[in-house]
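Here is how the chains run, residue by residue.
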Amino acid sequence: MDIANIRNFCIIAHIDHGKSTLADRLLLLTGTVNQRDFKEQMLDTMDIERERGITVKASAVTMLYTLNGVEYMLNLIDTPGHVDFHYEVSRSMAACEGALLVVDASQGVEAQTVANAYLAVDSDLEIIPVINKIDLPAAQPKVVAEEIEHILGINKNECFHISAKSGQGILELLEAIITFLPPPVVDLTKQTKALIFDSHYDEYRGVICYVRLISGRLNPGDKILMMGSNRSYQVSELGKFTPGMKKIDSLGAGEVGYVIANIRTLSDITIGDTITLAKEPAKKALPGYKKPLQMVFSDFYPGNNTDYTHLRAAFEKLSLNDASFTFVPQNSPALGFGFRCGFLGLLHMEIIQERLERENDIEVVQTAPTVTYEVVETSGETYRIDSPSQLPEKTKIAELREPFVKLEIITPKDTIGNIMKLSEMKRCQLIRTDYISPTRVMMEFRAPLAEIVYDFYDQLKGISRGYATMDYEFIGFEVGDLVKIDILVNKAIVDALSLIVHRSIAEARGRKMLVKLRKAIPRHQFEIPLQAAIGGKIIARESIKAFRKDVTAKLYGGDVTRKMKVLKRQKEGKKRMKSIGSVQIPQQAFMSILDTSD
Amino acid sequence: MPKSVYIHIPFCKSKCLYCGFYSKPPNQYDVKKVLNAEIAELKKSSFSKPAQTLYIGGGSPASVGIDSLCEFLSKVVELTGKADEFTVEINPADADENLLVNLKNIGVNRISIGAQSFIQSELDFLGRKYSVEKIDQTIKNAKQAGFNNIGLDLIFAVPGSNLSNWRQTLKKAIQADVQHISAYSLSYEKNTPLEKTKSAGKVKAVDEELDRKMYETVIKELAKAGFEHYEISNFAKPGFKCRHNLTYWKNEYYLGIGPAAASYIGDWRIENISDIEKYVEYIEQNENAAAEKIKISPLEKASQTAVLNLRLIEGIDLKEYQQKTDLDIYKFFGKSIEKNLNLKLLQLKDNRLSLTKQAMPIADSVLCDFAQPD
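Chains are numbered independently. Their residues run from 1 in the order of the written sequence. Throughout, the order in which chains and ligands are written sets their labels, letters from A for the former and numbers from 1 for the latter. Given that this is a predicted model, residues contribute local features only at a pLDDT of at least 70 and side-chain atom pairs are listed and counted only at 80 or more, while totals for whole chains, interfaces and linings are drawn from all residues. Values shown for side chains rest on all heavy atoms present in the structure; no hydrogens or waters enter the calculation.

1. Some thoughts on the overall build of chain A
Here is step 1: Comment: elements are numbered from the N terminus, with helices defined as DSSP H or I runs of at least four residues and strands as E runs of at least two. Scanning chain A from terminus to terminus reveals 14 helices and 34 strands.
Here is step 2: Counting all 598 residues of chain A, 58% fall into the buried class.
Here is step 3: Long-range pairs, those at least 24 residues apart, make up 70% of the contacts in chain A with a sequence separation of at least 6.
Here is step 4: Computed by Shrake-Rupley with a 1.4 Å probe, the accessible areas treat only the displayed protein chains as cover when residues are assessed. When the accessible surface of chain A is totalled, it reaches about 25200 Å², and 49% of it is carbon and sulfur. The rule is simple: take the accessible area with a 1.4 Å probe, protein chains only, and divide by the maximum for that residue type; under 20% is buried, over 50% is exposed, in between is partly exposed. Only heavy atoms matter for contacts: two residues are in contact if any of them lie within 4.5 Å across the pair.

2. A word on the overall build of chain B
Here is step 1: From N to C terminus, chain B includes 14 helices and 15 strands.
Here is step 2: A buried classification covers 56% of the 374 residues belonging to chain B.
Here is step 3: For chain B, contacts bridging at least 24 residues in sequence account for 69% of all contacts bridging at least 6.

3. Focus: unusual backbone geometry
Residues and elements named next belong to chain B.
Here is step 1: A cis amide bond, omega -10 degrees, links Lys 49 with the succeeding residue Pro 50.
Here is step 2: Secondary-structure assignment places Pro 50 in the loop between helix H1 (31-44) and strand E2 (53-58).
Here is step 3: Backbone geometry at Gln 116 places phi at a positive 75 degrees, although glycine is not the residue there.
Here is step 4: In this structure, Gln 116 sits in strand E4 (residues 110-116).
Here is step 5: One non-glycine residue with positive phi stands out, namely Asn 251, at about 55 degrees.
Here is step 6: As for its position among the elements, Asn 251 is in the loop between helix H9 (243-249) and strand E9 (255-257).
Here is step 7: A relative accessible area of 6% places Asn 251 in the buried class.

4. Focus on the interface of chain A and chain B
Here is step 1: Between chain A and chain B, the contact holds 29 residues from the first and 48 residues from the second.
Here is step 2: Once two parts are brought into contact, the accessible area they lose, counted with a 1.4 Å probe and summed over both, makes up the buried area. When chain A packs against chain B, close to 3400 Å² is buried across both sides, 55% of that on carbon and sulfur atoms.
Here is step 3: Taken as a group, Arg 548, Lys 549 and Tyr 556 of chain A account for 22% of the area that chain A buries against chain B, more than any other trio of residues on that side.
Here is step 4: Just to be clear on terms, a salt bridge is a Lys or Arg side-chain nitrogen sitting within 4 Å of an Asp or Glu carboxyl oxygen. The salt bridge involving Lys 574 of chain A is made with Asp 369 of chain B; its shortest N-O contact spans 3.0 Å.
Here is step 5: Note on residue categories: nonpolar means Ala, Val, Leu, Ile, Met, Phe, Trp, Tyr, Cys or Pro, charged means Asp, Glu, Lys or Arg, and polar means any other residue, Gly included. The class makeup of the residues in the side of chain A that touches chain B is 10 nonpolar, 7 polar and 12 charged.

5. What to know about the pattern of salt bridges
Residue and element names in this part refer to chain B.
Here is step 1: According to the stated counting rule, one finds 51 salt bridges over all chains in the structure shown.
Here is step 2: Two residues, Glu 252 and Lys 324, come together in a salt bridge whose shortest N-O distance is 3.8 Å. Note that Glu 252 is positioned in the loop between H9 and E9 and Lys 324 in helix H12 (residues 318-325), a separation of 72 residues in sequence.
Here is step 3: Of the residues examined, Lys 324 reaches a relative accessible area of 31% and is grouped as partly exposed.

6. Let's talk about the pairing of strand E17 (residues 296-302) of chain A
Residue and element names in this part refer to chain A.
Here is step 1: The buried fraction of E17 is high, at 7 of 7 residues.
Here is step 2: In E17, alternate side chains face the same way, and those of Val 296, Ser 298, Phe 300 and Pro 302 on one face and Phe 297, Asp 299 and Tyr 301 on the other are all buried.
Here is step 3: Paired strands, in this sense, are two strands between which DSSP finds at least two bridges. Bridge analysis of E17 against strand E19 (residues 336-343) gives 5 bridges, and the strand direction is antiparallel. Bridging from a neighbouring strand, Ser 298 pairs with Cys 341 of E19.
Here is step 4: Note: E17 against strand E21 (residues 370-371), 2 bridges, orientation antiparallel. Directly across from Val 296, in E21, lies its bridge partner Val 371.
Here is step 5: As paired elements, E17 and strand E20 (residues 364-366) share 3 bridges and run antiparallel to each other. What sits directly across from Phe 300, in E20, is Gln 366.

7. Some thoughts on the packing of aromatic side chains
Here is step 1: For Phe, Tyr and Trp, where Trp contributes only its six-membered ring, two rings pair if their centres lie within 6.5 Å, and the inter-plane angle classes them as stacked under 30 degrees, edge-to-face over 60, or tilted in between. In the structure shown here, the tally under the stated rule is 26 aromatic pairs over all chains.
Here is step 2: Between Tyr 308 of chain A and Phe 339 of chain A, the aromatic rings sit 5.0 Å apart at their centres with planes inclined by 5 degrees, giving stacked as the arrangement. Here Phe 339 of chain A lies in strand E19 and Tyr 308 of chain A lies in helix H7 (residues 308-321), a separation of 31 residues in the sequence.
Here is step 3: Take Phe 339 of chain A: its relative accessible area is 0%, and that puts it in the buried class.
Here is step 4: Both rings, one in Tyr 556 of chain A and one in Trp 249 of chain B, keep their centres 5.5 Å apart while their planes meet at 45 degrees; by these two values the pair is tilted. Residue Tyr 556 of chain A is found in the loop between strand E32 (537-544) and helix H13 (560-575), and its partner Trp 249 of chain B is found in helix H9; the two belong to separate chains. Of the two residues examined, Tyr 556 of chain A and Trp 249 of chain B, each falls in the buried class.
Here is step 5: Here the guanidinium or amino end of Lys 198 of chain B rests over the ring plane of Tyr 188 of chain B, the centre of that ring lying 4.5 Å away.
Here is step 6: Only when the NZ atom of a Lys or the CZ atom of an Arg is both within 6 Å of the ring centre and within 35 degrees of the ring normal do we say a charge sits over the ring. Positioned above the aromatic ring of Trp 268 of chain B is the side chain of Lys 293 of chain B, whose terminal nitrogen or guanidinium carbon lies 4.9 Å from the ring centre.

8. Considering the sheet that holds strand E11 (residues 268-272) of chain B
All names here are of chain B.
Here is step 1: The 3 strands are arranged E10-E11-E12 in an open sheet whose pairing can be described as antiparallel. Each edge of the open sheet is held by one strand with a lone partner, namely strand E10 (262-265) and strand E12 (290-295). Adjacent strand axes in the sheet meet at a mean angle of 15 degrees when their direction is disregarded.
Here is step 2: In this sheet, E12 lies alongside E11 in antiparallel orientation, the contact comprising 5 bridges. Bridge pairing links Glu 271 to Glu 292 in E12. Fitted lines through C-alpha atoms give the axes, limited to the stretch in contact for helices. The angle between two N-to-C directions lies from 0 to 180 degrees.

9. Quick look at empty space enclosed by the protein
Residues and elements named next belong to chain B.
Here is step 1: Space inside and on the surface of the protein is sampled on a 1 Å grid over the protein atoms alone, with a cavity defined as a set of points where a 1.4 Å probe fits but cannot get out and a pocket as an open set with protein on both sides within 12 Å along at least 5 of 7 lines; lining residues have an atom within 4 Å of a point. Grid points are joined across faces, edges and corners, and a volume is the space filled by probe spheres set on the points. Scanning the model with the defined rule gives 4 cavities of 30 Å³ or more in all.
Here is step 2: Taken as a whole, the second largest cavity encloses approximately 60 Å³ of empty space.
Here is step 3: Around the second largest cavity, the lining residues are Lys 32, Leu 35, Asn 36, Ile 39, Ser 68, Glu 71, Phe 72 and Lys 75.
Here is step 4: Listed by contribution, the elements that provide at least two residues to the lining of the second largest cavity are H1 and helix H2 (66-80).
Here is step 5: A class-by-class count of the residues in the lining of the second largest cavity yields 3 nonpolar, 2 polar and 3 charged.

10. Re the environment of Ser 389 of chain A
Residue and element names in this part refer to chain A.
Here is step 1: Among the structural elements, Ser 389 can be located in the loop between strand E23 (382-385) and strand E24 (397-412).
Here is step 2: Since its relative accessible area comes to 44%, Ser 389 is described here as partly exposed.
Here is step 3: C-alpha separation for the pair Ser 389 and Leu 499, spaced 110 residues apart in sequence, amounts to 8.7 Å.
Here is step 4: Here Ser 387 takes part through its side chain, which lies 2.8 Å from a polar atom of the side chain of Ser 389. Throughout this description, a polar contact denotes any pair of N or O atoms lying within 3.5 Å of each other; where both atoms belong to protein, one of them has to be capable of donating a hydrogen while the other can accept it, and for residues adjacent in sequence the pair is counted only when both atoms sit in side chains.

11. What to know about a negative patch on the surface
Here is step 1: Where like charges cluster on the molecular surface, the negative patch consists of Glu 277, Glu 281, Glu 284 and Glu 287 of chain B.
Here is step 2: With respect to the helices and strands, Glu 287 of chain B occurs in the loop between helix H10 (276-284) and E12. Like-charged residues within 9 Å of one another, or nonpolar side chains (Val, Leu, Ile, Met, Phe, Trp, Tyr) within 5 Å, are grouped into patches, provided each residue has over 30% relative accessible area and no salt bridge. For the charge count, each Lys or Arg is scored as positive and each Asp or Glu as negative, with His and the chain ends excluded. Think of each charge as sitting on NZ of Lys, CZ of Arg, CG of Asp or CD of Glu.

12. Focus: the confidence of the model for chain A
Where the model shows low pLDDT, its predicted coordinates should not be examined in detail.
Here is step 1: Residue-level confidence of the predictor is summarised by pLDDT, bounded by 0 at the bottom and 100 at the top. Per-residue confidence for chain A gives a mean pLDDT of 86, with 92% of residues at or over 70.
Here is step 2: For chain A, the element scoring lowest by mean pLDDT is helix H2 (residues 47-52) of chain A, at 52; strand E6 (residues 160-161) of chain A scores highest, at 96.

13. Let's talk about the nonpolar core
Here is step 1: Nonpolar core, defined: a set of buried Ala, Val, Leu, Ile, Met, Phe, Trp, Tyr and Cys residues in which side-chain atoms within 4.5 Å join the residues together. Ranked by size, the top nonpolar core spans 121 residues in total, and within it Ile 7, Leu 73 and Phe 370 of chain B carry the most contacts.
Here is step 2: Broken down by element, the residue count for this core peaks at 6 residues, all from H1 of chain B.
Here is step 3: With residues up to four places along the chain from it excluded, the contact list for Ile 7 of chain B reads Glu 38, Leu 42, Leu 54, Tyr 55, Ile 56, Gly 57, Phe 72, Val 76 and Ile 257 of chain B.
Here is step 4: Listed in part, the 44 residues of the second largest apolar core include Ala 314, Phe 325, Leu 407 and Leu 449 of chain A.

14. Description of the environment of Gly 342 of chain A
Residues and elements named next belong to chain A.
Here is step 1: Tracing the backbone shows Gly 342 in strand E19.
Here is step 2: Taking the C-alpha atoms as reference points, Gly 342 and Asp 299, separated by 43 residues in sequence, lie 8.8 Å from one another.
Here is step 3: For Gly 342, the residues in contact, after removing those within four places along its chain, are Gln 294, Val 296, Phe 297, Ser 324, Phe 325 and Thr 326.

Right, dumping it as structure tokens:
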């Protein structure tokens, strides 16, 4: 196909603003999918995506549409909307020339609308603003258009007003994609260059690379070279997503499709790498991507009915399809053998945990998530740690740095007071406040990631009646007055409960952790002292009183069967907990300590 | 073959608030027919004759009337032979001089009186329909009838009670000069009116600390009065342990007769149906009355033996345990034993593994470790 008749675009939006519904609608209108085969959220193939109504993995689909007698090839690259998946969003954008920026007509511009729009601008994409859900009773398309103009600098008169649900305005939008978005830039170099912008693993066919051809041509049988890893393979199949995989004979410059080349595991390729031909390689690779940065870490230990090897196999299987989380073996004196896992963010962590349990039928004990810290030793050596237990001796530490993020919150103006209170509590520093409309503001903070990583979002939703939205972006490590809190249960340090926090809140946090633990650990046959310590100094104490009476008064001939059942349950309850010394700690205790609510 | 026989009389004139046993008012049933069915069941059951122990419980056996009860017991004795220990439970509300004399004549040699408390307000709260004086009178009548093996059942930790009330009850029980005392902390059995009022928040259980104090008090006071503490809730003057109940705790076989009665025979645990009419129907059709029959595996037997033995103050005789279960206790419960020894909740003395004094009030938390292998 003539490169002038190709359009590569993505849809970006805040979560729930109708991105996937719009994609569905375009598939229907172009006849890519017929009504009979249609199901909602066509592009979301994972169960978890359909159930949660979110997109986790990017995906690509090719549609054909004829306008004024000319056939166009429209390549839609679907992207996740959640803040944790910035990385995947920016990756997809690199394969596009244009973006549909979808905004809900009743919700208006949200934090992730802004974040995604900025990413699109940074990637030099042409943006078509789209106001969706205009058929809702609460729709305020005019106000929303004003917001778009004010905050994003896009002319409000350029907005398309649509309802992806009913189909209203979709035809006009579809034609605008052809007339308004530019075709791929023609790269006249002869050598083949293809950008790998995503991949997935198929049990039968191995790794499937999602590629955008920048120049040249790919054919089945071609010997290809991955320019970054210097590995070579032979192309066994090329194709397009329509949205199912459809074999084709050749992929040309400007086109989007997939490459199968007998690649065994996902770790053999790097997203962002450039594919070229072995016999006539390109001189320079494409710019590519930065490696995904894991910001949130948590330990996973095998739970009940699960052993270590089982858990390892499950992680290996999952990593085939998600190269953005890491797992390394970890041995905790308290919890035994498990894995230290790194995630892009909390939602990412939650999704991995859910997929682990759901797709592998295993149980895990998970510790509270923490962030990465940067240690500068007195010797000058600088390195990052992702667990409080990796912290060196106090005397060796010259500096301890924590990750900071730029945090953007969009919220109704009458909630500013509450948000200021929350941000103070969380050590966030207000940088600026912008009115995006007479009733809504965008607030920008410098925030320590550790403070917003856990329950910040829930609290934000709570104090804003659900209206506030947020997005954050890592900006760097900064020195902080940080200390490690150790928790002693029955006088022994439980490493999995240690926590790094800012000194200003250490005592309060220590006390709160003990209160939570006191509630989470059941009473035992003896009193259990709980202590929080910083560098050997006890800063807080609690104790779990022993139970004083637990005995069946009557046990005669008719009671044996029933009573044995009760006692069996009692023992099973004990078994479900992690034994640390003679104290049994239930799994939820390990998560409960980070819950800062009262 | 079981050497002990339990016979359940499923009748009681009025149900006490806390009672979880199966019993019905006798005036709503053809009592003769029911008792005849029990005789029929006993007749076709196998047990070693003469039975070593025979225990008639309820309900309240005497609630069916003296004549009916005596006639029934005479038939029972014909079948079981003269048991070494022949106990009948007595509710003071149903007891008079005549009853006790008649029981004595039939060959009953031990009576267990459901006194529960010597504090009138507690009796009233529990739904016991007699006075403190009636208890005194019943004990007196029993002694006059010639009984020299009398047991009293007592309940402590009754809502609203306090330590001095409990001491008062204990004092009176000791003064009554009986041979056996069972002292139970009030339990809130499922589906009893007491449990329901408690769940509804209308009644509050006494707090754990007081409950424990009361338990420690009974252990101390009865020891002073010459009783041997031999099971978690049972105390006896020398030579007067209840041999029938020891069968349960030593995990030996026993035969249960009557609606809702339980048997343990040949590694089967059997429970008769808890429905008087159906029970009679089954027996009359010459079927067995079992509602539940569970085969006890060797491992379950090992668990049950350990749990039941540990309720005895003398604990598990490890040599006997090995012989009886053919299993090595350390193989299945080694971790639990070690842990509880370290916590000083179990002790090992003369090849016996038993609860320590401090483990007694929290015995279930130790016993549960033996409910299934580690």
